[in-house]
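# Summary of structural features
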Amino acid sequence: MENRKLRMGMVGGGSDAFIGAIHRRAAFMENQIELVCGCFSVNPEISRSSGRSYYLPDDRIYDSYTEMFEHEASLPEGERMDFVTIVTPNKWHFEPAMMALERGFNVVVDKPMTFSLEEAKMLEKKVEETGLTLALTHVYSAYPAVKEAKMRIANGELGKLRRVYVEYTQGWLSERIELQGGNNAGWRTNPKLTGKAGCVGDIGTHAWHLSEYITGLKVEQICADLHSFAPGRPVDDDSAAFFRYENGVAGVLTATQIGTGEANNIRVRIYGEKGGLEWQQMQPNTLTLKWGNRPAEVLQIGNNGYLSDLALWNTRTPAGHPEGFIEAFSNIYRNFALTVKAKKNGEKPTVEMLDFPTVHDGVRGMQFIETMVAAGYNDEQKWQDWIE
């Protein structure tokens, strides 16, 4: 392809959206991507007003995503979008993603990837058939400190892994604020829009993915306990689980949205025969390494010479300067964009470029949700083999 920015379309992400602005800021940060079109809301008036506020021409602002895909596919190669970003409630992830792939467009989609495991497997098959690229925005795996943790484990510094603890605690759903309206709790607690899981699908998937990404190990069995503490809420708002990973590694996951007073408190602790490590999103630039025979090490992330190549590839700031959520989000978009460009040019993407969650992570995410629900509401037998 010619030397230019990738052209992005959006489904969702209008002026009334919760996460759309985050996606745009992250996508634009590396100057690799530009917004050229979109259907920004199910409400055509909001879609049009949003598109105009993003400085798009009226003929590239669409009333429906079906209209968008049909018109964009009819445009010349030099004008049409290269990929679409889907930032909608879970119910509407699959159909636009499938439409995009069928028409030759690459895809970025929020997690969980689909509404059901069946849909996820259909998307996986379509990605494999087309050779197109799909990125899933499991943003927490994109922090430089998380990348450094992954490489320290891969290099064997902790020795054989034994135990994993991963926590994601929020408090915003301690009360039934979805009944008040005017917030995004409404669809996140409605099983017709979010799927069979609430908290597990919304933030439990992030915690699970983080644990598998850092350790490089897959969960094989789950023993779960799901609750809905807010009276009358139809989906879970609290969960806990024991994990059995590959190689006999044991794990514990906690994900809750009724942790009163908590914001987005994500914490990972991993222990091996030689040492352990800890990372918290509330202090994203700090990775702590712990040893049995010498003092602990506190690594400050930045362009420091002692970091791994993977961490450095995903680091922008000088040593000692913090990076946060937007930068982590941008790492996914940057790596996705470079991968798409390489493939369009007939080149092989580098390992660093390919370091983002894919359609295969999306399938495992839906397997995680279904396995958690199957185990979490089964009083007779809590242990559940990973659903394939």
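Residues numbered from 1 in each chain as written. Predicted model: local features only at pLDDT ≥ 70, side-chain atom pairs only at ≥ 80, totals over all residues. Heavy atoms only, no water.

Burial analysis of strand E3 (residues 83–87) places 5 of its 5 residues in the buried class, which makes it a mostly covered element. In terms of strand pairing, strand E1 (residues 6–12) meets E3 through 5 bridges, oriented parallel. Bridge assignment links Met-10 to a residue of E3, and that residue is Thr-85. In this sheet, strand E4 (residues 106–109) lies alongside E3 in parallel orientation, the contact comprising 4 bridges. Bridge assignment links Val-84 to a residue of E4, and that residue is Val-107. Crossover handedness for the path E3 to helix H4 (residues 94–102) to E4: right-handed. (Buried < 20%, exposed > 50% of the residue type's maximum accessible area, 1.4 Å probe, protein only. Helix = DSSP H or I, 4+ residues; strand = E, 2+ residues; numbered from the N terminus. Pairing = 2+ DSSP bridges. Right-handed = clockwise from strand over helix to strand, strands pointing away.)

On to the sheet that holds strand E5 (residues 134–136), then. Strand order in the open sheet formed by 5 strands is E2-E1-E3-E4-E5, and the pairing between neighbours is parallel. At either end of the open sheet lies a strand with only one pairing partner, and these are strand E2 (33–39) and E5. The sheet shows a mean angle of 25 degrees between the axes of neighbouring strands, taken without regard to direction. (Axes fitted to C-alpha atoms, helices over the stretch in contact; angles between N-to-C directions.)

The subject of this paragraph is the nonpolar core. Core analysis: the largest hydrophobic core is formed by 108 residues, its most contacted members being Phe-69, Ile-222, Phe-368 and Met-372. If we ignore the near neighbours within four places in the chain, the residues touching Met-372 are Val-200, Ile-222, Ala-224, Leu-226, Ser-239, Ala-240, Ala-241, Phe-243 and Leu-253. (Core = buried A, V, L, I, M, F, W, Y, C linked by side-chain atoms within 4.5 Å. Contact = heavy atoms within 4.5 Å.)

Turning next to the packing of aromatic side chains. According to the stated counting rule, one finds 13 aromatic pairs in the structure shown. Measuring from centroid to centroid gives 6.3 Å for Tyr-165 and Tyr-271, while their planes differ by 80 degrees, and the two rings are edge-to-face. Residue Tyr-165 is found in strand E6 (residues 161–169), and its partner Tyr-271 is found in strand E10 (residues 265–272); the two are separated by 106 residues along the sequence. For Tyr-165, a relative accessible area of 26% gives the class partly exposed. Take Tyr-271: its relative accessible area is 28%, and that puts it in the partly exposed class. Between the aromatic rings of Phe-336 and Phe-356, the centroid separation amounts to 6.2 Å while the plane-to-plane angle is 80 degrees, which identifies the pairing as edge-to-face. (Phe/Tyr/Trp six-rings, centres within 6.5 Å; stacked < 30°, edge-to-face > 60°.)

Here the structure, examined in full by the defined rule, presents 0 disulfides. We note that Cys-199 lacks a disulfide partner, and the nearest cysteine sulfur, in Cys-223, lies 17 Å from it. On the accessibility criterion, Cys-199 (0% relative accessible area) is buried. (Disulfide = S-S within 2.5 Å.)

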